[in-house]
Protein chains: 2
Amino acid sequence: MIASPRIGSGNGRLSGADRRFLARAIERGRRGWGRVHPNPMVGALVVRGEEVLGEAFHAEYGGPHAEVSALSALDDVRGATLYCSLEPCNHRGKTAPCTEAILASGITRVVFWAAEPGVEQSGGAERLRSRGVVVDGPFGKPSEWAAENPAFFRNASGRGPYVALKLAVSVDGRIAPAGGKRVWLTGEESRREVHRLRAGFDAILVGRRTWEADDPMLTARGVVVPRVPPVAVLLDRRGRASIGLRALRRRSGPRSIVATTPVGAGPLARRLSGCADVVAVPVQGKGLDLAFLMEVLEARGVSSVLCEGGGVLAASLLREELVDRLYLFVAPVVVGEGGVPAFPITQPGECAPEAFRFRGWKSVVDPSRFGNDTLIVLDRGD
Amino acid sequence: MIASPRIGSGNGRLSGADRRFLARAIERGRRGWGRVHPNPMVGALVVRGEEVLGEAFHAEYGGPHAEVSALSALDDVRGATLYCSLEPCNHRGKTAPCTEAILASGITRVVFWAAEPGVEQSGGAERLRSRGVVVDGPFGKPSEWAAENPAFFRNASGRGPYVALKLAVSVDGRIAPAGGKRVWLTGEESRREVHRLRAGFDAILVGRRTWEADDPMLTARGVVVPRVPPVAVLLDRRGRASIGLRALRRRSGPRSIVATTPVGAGPLARRLSGCADVVAVPVQGKGLDLAFLMEVLEARGVSSVLCEGGGVLAASLLREELVDRLYLFVAPVVVGEGGVPAFPITQPGECAPEAFRFRGWKSVVDPSRFGNDTLIVLDRGD
């Protein structure tokens with residue numbers, strides 16, 4: 001959802017105009033962030049010659065798909081081209097198949113970007129071709145499609161919740177000065193973007209040190225109001241959470257989840273007396289078993305998790321290879337060697353083993369600027 | 001010279017098309033990188049209605065200015081608008097004043113972005129207005145103009161050479177693993193960009209540890225062939241440089257400079273026997289007096305310096321506030337706490353004093369992606 005979409009290169013079938021319209025369709029699709037998941041964000045454009053007759057995006061889960069919205073707003077689209085960021089579906093779900101609407105409209109060419117990954121939903125391109133529509137697509141690479149709609153493509157693979165890790169760091173890789181004192185390294189623009197990001201996730205996860213130090217509300221208080229507010233998930237191996245925490249005192253949205261050990265779950269649940277759902281997670285090493293936690297969350301309907309630190313939790317998630325995407329907000333600040341490292345995977349004086357050097361991580365999404373901060377997005381290579 | 005130009009906002013005099021053409025003029029100007037300095041990079045567009053009749057950029061120092069190039073390639077520009085990234089000059093230097101060419105052409109409107117900072121060269125807008133041309137400009141902020149042509153605006157202020165610091169770091173702010181072993185953290189695309197960057201600087205500066213460890217050639221071996229190859233400058237307080245160093249064995253381009261102490265200069269010059277110019281620089285603290293070195297370089301005609309590390313030199317330059325711009329290539333790699341810090345301004349366990357926290361540094365240029373690496377450009381606020 002950031003920067004320019006990547007159409008993929010080296011495909012002679014697309015003209016410059018085709019690419020431009022396809023990029024615009026992808027960009028329009030991004031407006032569905034926070035409102036359409038678990039569906040993907042999709043945009044569509046109807047174009048005749050060089051004139052854009054209409055455009056739309058999938059605006060709300062359960063509502064019309066982008067293709068249908070774009071077509072239904074227009075009187076006469078015969079002979080026009082439909083550009084869409086995802087292969088039109090061929091499936092009757094909450095709405096009628098997009099392929100039927102396209103065939104009924106008189107559209108003669110369809111250009112689409114990403115292939116539909118769902119088994120039931122796919123086959124749209126084939127269906128349209130069999131009825132004489134010129135269909136160009138898919139274009140680009142699965143990694144590029146996944147970068148645009150990561151949770152959707154990840155979930156389609158059936159491998160548990162999609163996990164993104166957000167860290168705000170100084171240029172020397174610190175998340176806070178010594179002692180973990182709370183300071184804002186990043187500026188207001190970055191913090192606004194974090195609220196926007198939150199709106200697109202089912203759950204926000206933080207480690208114990210973070211909720212103890214910051215007492216965050218963990219709500220999405222940005223311009224995008226999420227269709228379903230994300231659930232707050234607090235790690236609490238020692239069973240220290242109290243009903244005074246702001247994340248547990250939220251008036252609206254889903255009840256927060258506190259994860260603790262199987263032994264501690266009963267007492268903690270009693271102490272929190274209905275302010276939160278306490279879930280039991282086995283201990284692994286020094287912390288809770290995070291892979292197990294992800295399974296628990298998935299069973300509760302969570303398909304995407306945004307982890308907002310701190311460093312210890314981040315390092316554990318990275319070590320266990322549970323992170324699919326890293327959102328790294330880099331602030332123009334030097335904290336110094338004594339600061340709290342964002343990636344505490346080594347002891348002082350020690351170098352990271354090859355396995356933790358992130359080799360294989362890819363930058364598929366272009367970086368962007370928020371005030372004086374830079375957002376770097378890294379996706380784990382598969 | 002990176003990412004999208006920033007036109008500045010909130011100026012009602014410019015239409016959307018005006019902004020687009022102005023941005024395009026700025027972008028075209030960037031093609032002069034490495035060829036025009038100490039002149040600024042300038043681009044110009046001639047537009048009638050929505051049609052671009054012609055465009056040009058200042059291509060070579062001493063050659064025609066962008067405005068004149070754009071106009072002279074066209075037969076009839078009467079009634080057209082000229083967009084240029086810098087105020088047209090009103091001065092007879094190596095070429096005739098642009099204002100004369102514009103008045104002679106029949107152009108009826110000029111839209112320009114940055115104000116001409118030179119005293120002799122300025123007054124172009126006024127001159128055109130006095131002759132009945134509609135002139136819109138300048139737009140945006142001096143910091144934005146300076147971000148596009150930093151050395152030019154910096155030099156116009158008469159405060160010594162413009163100094164950029166390039167560092168390639170891991171996400172945890174390291175430039176190398178423990179022991180300083182040479183590894184490439186960044187990828188090939190970043191290294192190509194560094195060669196392109198070098199082409200736009202008068203000098204490339206490195207500290208002793210860097211030339212000892214890497215033995216770099218310090219030439220610009222990229223797609224841009226610099227008009228004047230940058231001179232290599234090696235710091236050598238202990239007088240250890242030898243004629244075997246690759247930077248001193250270059251067959252072409254200017255002779256390299258080795259900076260050492262006043263006491264060591266004589267012996268070193270004899271030992272290097274004409275392979276390099278040895279300059280004497282007083283000692284300050286643990287190293288050479290870098291502000292003094294900059295004055296020496298300026299006296300030798302160097303108006304811009306790209307410092308490529310290592311960390312110790314970088315920290316000294318930052319501490320002495322000699323850095324105007326930071327080019328930070330961030331690689332998707334974690335090195336670990338034992339690695340060599342890019343910003344060794346503190347001891348282990350220590351936090352940076354407020355003064356070194358970079359508060360006031362600004363991100364004016366958008367970040368860009370080179371392969372899996374991200375280039376963050378930070379400019380010092382003045």
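These lines cover the structure that appears in this document, whether it is placed above or below. (Residues numbered from 1 in each chain as written. Chains lettered and ligands numbered in written order. Predicted model: local features only at pLDDT ≥ 70, side-chain atom pairs only at ≥ 80, totals over all residues. Heavy atoms only, no water.)

### Let's talk about the relation of the copies chain A and chain B
Our working rule: Least-squares superposition of the copies uses the C-alpha atoms of those residues scoring a pLDDT of at least 70 in each of them. Between two residues, a contact is recorded if the distance between any of their heavy atoms is within 4.5 Å.
Superposing chain A onto chain B takes a rotation of 180° combined with a translation of 0.0 Å along the rotation axis, leaving an RMSD of 0.0 Å. In the structure described here, the two chain copies are related by an operation that fits a two-fold rotation axis. Using C-alpha coordinates, one finds that chain A approaches the rotation axis most closely at Gly-173 of chain A, a distance of 2.6 Å. Interface residue correspondence from chain A to chain B reaches 100%, placing this contact among same-surface, isologous pairings.

### Observations concerning unusual backbone geometry
Condition: Per the convention used, a helix needs a DSSP run of H or I reaching at least four residues, while a strand needs a run of E reaching at least two, with both numbered from the N terminus. Working definition: with a 1.4 Å probe on protein chains only, accessible area under 20% of the residue-type maximum means buried, over 50% means exposed, and in between means partly exposed.
The residue after Gly-137 of chain A, namely Pro-138 of chain A, is reached through a cis peptide bond having omega -5°. Checked against the element boundaries, Pro-138 of chain A lands in the loop between strand S5 (134-136) and helix H5 (142-148). Of note, the bond from Gly-309 of chain B into Gly-310 of chain B is cis; its omega dihedral lies within 30 degrees of zero at 5°. Along the polypeptide, Gly-310 of chain B turns up in the loop between strand S14 (304-307) and helix H11 (311-319). A positive phi is found at Leu-218 of chain A, a non-glycine position, where the angle reads about 65°. Along the chain, Leu-218 of chain A turns up in the loop between helix H8 (208-214) and strand S9 (231-235). According to the relative accessible area criterion, Leu-218 of chain A is buried, its value standing at 2%. Positive phi is not limited to glycine here, since Glu-321 of chain A has a value of about 55°. Note on placement: Glu-321 of chain A falls in the loop between helix H11 (311-319) and strand S15 (325-331).

### Some words on H11 of chain A
Residues three or four positions apart in an α-helix share a direction because the helix packs 3.6 residues into each turn. All names here are of chain A. Burial of H11 is extensive: 7 of the 9 residues sit out of reach of the surface. Three or more residues of H11 are buried, namely Gly-311, Leu-313, Ala-314, Ala-315, Ser-316, Leu-317 and Leu-318. Looking one or two residues past H11, Glu-321 carries a phi angle of roughly 55°, positive in sign.

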